[in-house]
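The lines below spell out each chain.
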Amino acid sequence: NAMDAASAHNSPGASTLDALAAADSAGIRLRGSLVNANLAAYIVLGLAAFQWLLIVISHCVVQRRYVRRRAFVDRPAEDYPGVTIIRPVKGVDLGMQRTLESSFCQEYPGPLEILFAAEDPDDPAIEVINEIIGRYAKINARVLVGKDNVGINPKVNNMLKAFDQAQHDLLWICDSNVYTDPGTLRRSVDLLLDNKRLGVIHHVVFSEAPATFAAMLDNAFLTTNHCRMYLAINAFGIASCLMGKSNLYYKSALDNVGGVASFGQYLAEDNMIGQALWHSGWGHTMTGDLACQPADTGGFAEYCSRRIRWVRTRKYNVTAATLYEPLTESIMLGLLTSWALQHLYGYHMLPTFTTFMLCWFGMDMLFYYRINRGSPPSWPWFVLSWLCREALALPLWIVAIIGDTVVWRGQRFRFHLNGTVDVLK
């Protein structure tokens, strides 16, 4: 009987059945792989559609807020609260006289105080500031010198004395290398007065006047990808998303979330302050004004270091958004979209990718032209820097993701998982 069973097992019929079973199993695996590949392709197309939706939203925001910029509200001067402008300084920035003087040129009908915060009494910026103050003697402005030590963040340590001595509850924190339009403050306060639930007014950063190719790379990033995503994310208004270049908020509200000193343990104090105020119920919004900064990136290594620092800092503060970031970049998303369309519908990848990139490029150029209200100084150089910026985005992101230290103002910092940092000697 055993021999008969073995003979039956080795018979041609049994072999055929085994082969059919193996083929059926392989077919099931193949169908499973195809289903998984189809699902992945549909997910990619969904992500691509979402990203193009963000691009369209950013253009709508530009049209509504920047092209058709809000006019001043007609209200009595006495209705405007006092504002203290705080500008921390360290060294002489590119175009510093113009950027700092823009605070003195604000068309604001209410009381105004301008406080400049410096750490070192020999800081060369103080001479620039005193010269400007001398030309605007009627404006209440002064320089505060000294350094507190409440954490590792040098900006917080520098400007804490200005927070403590501010005469007004409404504060405008503005970096020393930022120029703002004369109507920026009044339009910002108008929004606060119109909506008592608002607690933060911020202005998108916009780069200008690049003098080196590295500065052009930075300019291409800030005026297209960064600016576009910043406007689109804030248009949804589902979470805090702000940079600390130019922000207005109430000192009393900040005191209720721990005071500015409590944020000295973070390198991205602007993001943490925004989140704290958001979770306390204070809404955020923006005016149709730009926080313009001269493109001061000196060399290619400095550009790469700055981009790596930005990504690495966000990795520990907004982890999910940072991990998703490559899918907001044209080349990565374009390649994935081209593969998905080829897999599902048979489109050839090369012409699909080329079309995708041309459309993305055209939308970015249109975005720049509309929000800037004009062309860049040189279209050929701007296009070249845009292409190089796009190509560098993924490699720099990868380098940023695999590290945990950054260099800022000559100091090296190491991040902890909770977003706090230690100074490395």
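Placed above this text is the structure.
Our focus in this paragraph is the overall build of the chain. In terms of helices and strands, the chain carries 14 helices and ten strands. A globule of 425 residues ought to have a C-alpha radius of gyration of about 22 Å, yet the chain, at 27 Å, is considerably larger. Counting only C-alpha atoms and orienting by the principal axes, one finds that the chain spans roughly 110 × 45 × 45 Å. Across the 425 residues of the chain, 50% fall into the buried class. Of the contacts formed within the chain by residues at least 6 apart in sequence, a portion of 78% connects residues at least 24 apart. Total accessible area on the chain is roughly 19600 Å²; 61% of this is exposed by carbon and sulfur atoms. Here the chain contributes 37 positively and 37 negatively charged side chains, and the mean placements of these two sets differ by 2 Å.

Secondary-structure assignment places Asn219 in helix H7 (residues 213-236). For Asn219, a relative accessible area of 4% gives the class buried. With residues up to four places along the chain from it excluded, the contact list for Asn219 reads Ser207, Glu208, Pro210 and Phe382.

So, about the packing of H7 against helix H10 (residues 300-315). Where H7 contacts H10, the axes come no closer than 8 Å and their chain directions differ by 30°. Viewed along their axes, H7 and H10 adopt a mutual orientation that is roughly parallel. Contact residues: Ala214, Leu217, Asp218, Phe221, Leu222 and His226 in H7; Phe300, Tyr303, Arg306, Arg307 and Trp310 in H10. Considered class by class, the residues forming the contact of H7 with H10 number seven nonpolar, one polar and three charged.

Okay, unusual backbone geometry next. Positioned with a positive phi, Ala209 is a non-glycine residue whose angle comes to about 55°. Among the structural elements, Ala209 can be located in the loop between strand E5 (198-208) and H7. One non-glycine residue, Arg373, lies in positive phi territory at about 55°. Positionally, Arg373 belongs in the loop between helix H13 (349-372) and helix H14 (379-401). The exposure class assigned to Arg373 is partly exposed, which follows from its relative accessible area of 48%.

This brings us to the layout of surface pockets. The calculated volume of the second largest pocket comes to roughly 190 Å³. Taken together, Arg69, Tyr179, Thr180, Asp181, Phe206, Gly288, Asp289, Leu290, Cys292, Ile371, Asn372 and Arg373 form the lining of the second largest pocket. Residue assignment for the lining of the second largest pocket shows that the elements contributing at least two residues are strand E7 (283-294) and H13. For the lining of the second largest pocket, the leading source of residues is E7, giving four residues. When the residues that make up the lining of the second largest pocket are grouped by side-chain class, the tally is five nonpolar, three polar and four charged.

Conventions adopted
Residues numbered from 1 in each chain as written. Predicted model: local features only at pLDDT ≥ 70, side-chain atom pairs only at ≥ 80, totals over all residues. Heavy atoms only, no water. Helix = DSSP H or I, 4+ residues; strand = E, 2+ residues; numbered from the N terminus. Rg over C-alpha atoms; globule rule 2.2 N^0.38 Å. Buried < 20%, exposed > 50% of the residue type's maximum accessible area, 1.4 Å probe, protein only. Contact = heavy atoms within 4.5 Å. Areas by Shrake-Rupley, 256 points an atom, 1.4 Å probe, with all protein chains shown as cover. Lys, Arg positive; Asp, Glu negative; His and termini not counted. Charge placed at Lys NZ, Arg CZ, Asp CG, Glu CD. Axes fitted to C-alpha atoms, helices over the stretch in contact; angles between N-to-C directions. Parallel < 35°, antiparallel > 145°, perpendicular 65-115°, else oblique. Nonpolar A, V, L, I, M, F, W, Y, C, P; charged D, E, K, R; others polar. 1 Å grid on protein atoms, 1.4 Å probe; cavity = no way out; pocket = protein on both sides within 12 Å on 5 of 7 lines; lining within 4 Å. Points joined across faces, edges and corners; volume = space filled by probe spheres on them.

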